[in-house]
Amino acid sequence: MERKRIAIGCDHIVTPIKNQIKNYLISQGHDVVDCGTYDTVRTHYPIFGKRVAEEVVNNNFDFGVVICGTGVGISNSAQKVKGARVALVRDLYTARKAREQYNANIIAFGGRITGPGIIEEAIDIFRKTEFKGDQELVDYLDGIIPEEANKNVYFKKQLDKWDKGEYHD
């Protein structure tokens, strides 16, 4: 098993779950850095989503894990950091596809929605899955493509396929 450097963060609602996940990852041999919060005192999730995302996009960690009650708030706050590709995951299939197709670098969970066992397994799948998607799409999502080059250039390939009838409902 390849050892990974993982940043993890949460809000006050799910600190016990984050601690359980952190301990699981450490027991698997990974280097885990806890970006907070560290207790159940009321706090604001964007602080911790942003911290994890900044650590990941600055290449200090291989990927990040963020958790709040539903996962919606903390995933959105992490996504605001340029270069963060956050996937809100509630099942194992999504964990795989997030990495395989979009090269997600942060996986997010709702600790009140998804149980610790599924979270652990989803993280295992996420970290083991290799990116097989379109790097041009990842660059687009990261905002690397200059604005002037972005005007219908990226989606031209998809629009051409649409015009040829290659997409179906």
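Our subject is the structure that appears above.
All values derive from a computational prediction rather than experimental measurement. (Residues numbered from 1 in each chain as written. Predicted model: local features only at pLDDT ≥ 70, side-chain atom pairs only at ≥ 80, totals over all residues. Heavy atoms only, no water.)

A. The overall build of the protein chain, seen in detail. Within the protein chain, the regular secondary structure consists of eight helices and five strands. Ordering the α and β elements of the protein chain from the N terminus gives β-α-β-α-β-α-β-α-β-α-α-α-α. In terms of overall size, the protein chain behaves like a compact globule, its C-alpha atoms giving a radius of gyration of 17 Å where 169 residues would be expected to give roughly 15 Å. With respect to the principal axes defined by its C-alpha atoms, the protein chain has extents near 55 × 30 × 30 Å. (Helix = DSSP H or I, 4+ residues; strand = E, 2+ residues; numbered from the N terminus. Rg over C-alpha atoms; globule rule 2.2 N^0.38 Å.)

B. Quick look at the sheet that holds strand β3 (residues 63-68). Strand order across the open sheet formed by five strands is β2-β1-β3-β5-β4, with parallel pairing between neighbours. Edge strands, defined here as strands with exactly one partner in the open sheet, are β2 (31-34) and β4 (86-88). Shown here is a sheet whose adjacent strand axes are inclined to one another by a mean of 20 degrees, direction ignored. When β3 meets strand β5 (residues 106-110), the two strands line up parallel, connected through five bridges. Within β5, the position partnered with Val65 by the bridge is Ile107. (Pairing = 2+ DSSP bridges. Axes fitted to C-alpha atoms, helices over the stretch in contact; angles between N-to-C directions.)

C. The arrangement of helix α5 (residues 116-128) in detail. Taking 1.5 Å per residue, 13 residues should reach 18 Å; α5 reaches 18 Å between its end C-alpha atoms and fits that length. Along α5, the residues that are buried comprise Ile119, Glu120, Ala122, Ile123, Asp124, Ile125, Phe126 and Arg127. At its buried positions, α5 is contacted by α1 (15-27), β3, α4 (92-102) and β5. (Expected span 1.5 Å × (residues − 1). Buried < 20%, exposed > 50% of the residue type's maximum accessible area, 1.4 Å probe, protein only. Contact = heavy atoms within 4.5 Å.)

D. Representation of the environment of Asn76. Relative to the helices and strands, Asn76 is located in helix α3 (residues 72-79). A sequence separation of ten residues divides Asn76 from Val86, and the C-alpha atoms of the two residues are 8.0 Å apart. Only 2.8 Å separates the side chain of Asn76 from the backbone oxygen of Val72, close enough to count as a polar contact. (Polar contact = N/O pair within 3.5 Å; in protein donor to acceptor, adjacent residues only side chain to side chain.)

E. Structural view of the pattern of salt bridges. The full count for this structure, using the stated rule, is eight salt bridges. Salt-bridge contacts for Arg3 lead to Asp31; the nearest nitrogen and oxygen are separated by 2.4 Å. One end of the pair, Arg3, is in the segment before β1 (5-10); the other, Asp31, is in strand β2, with 28 residues separating them in the sequence. Given the relative accessible area of 53%, Arg3 is considered exposed. Note that Asp34 and Lys18 form a salt bridge whose closest N and O atoms lie 2.8 Å from each other. Taken together, the residues span a long stretch of sequence, with Asp34 in strand β2 and Lys18 in helix α1 at a distance of 16 residues. Residue class for Asp34 comes out buried when judged on its relative accessible area of 16%. (Salt bridge = Lys/Arg side-chain N within 4 Å of Asp/Glu carboxyl O.)

F. Representation of the pairing of β3. Judged by how many residues are buried, β3 sits mostly within the fold: six of six residues are covered. Sheet analysis places β1 next to β3, joined by five bridges and oriented parallel. In the strand pairing of β3, Cys10 is matched with Ile67.

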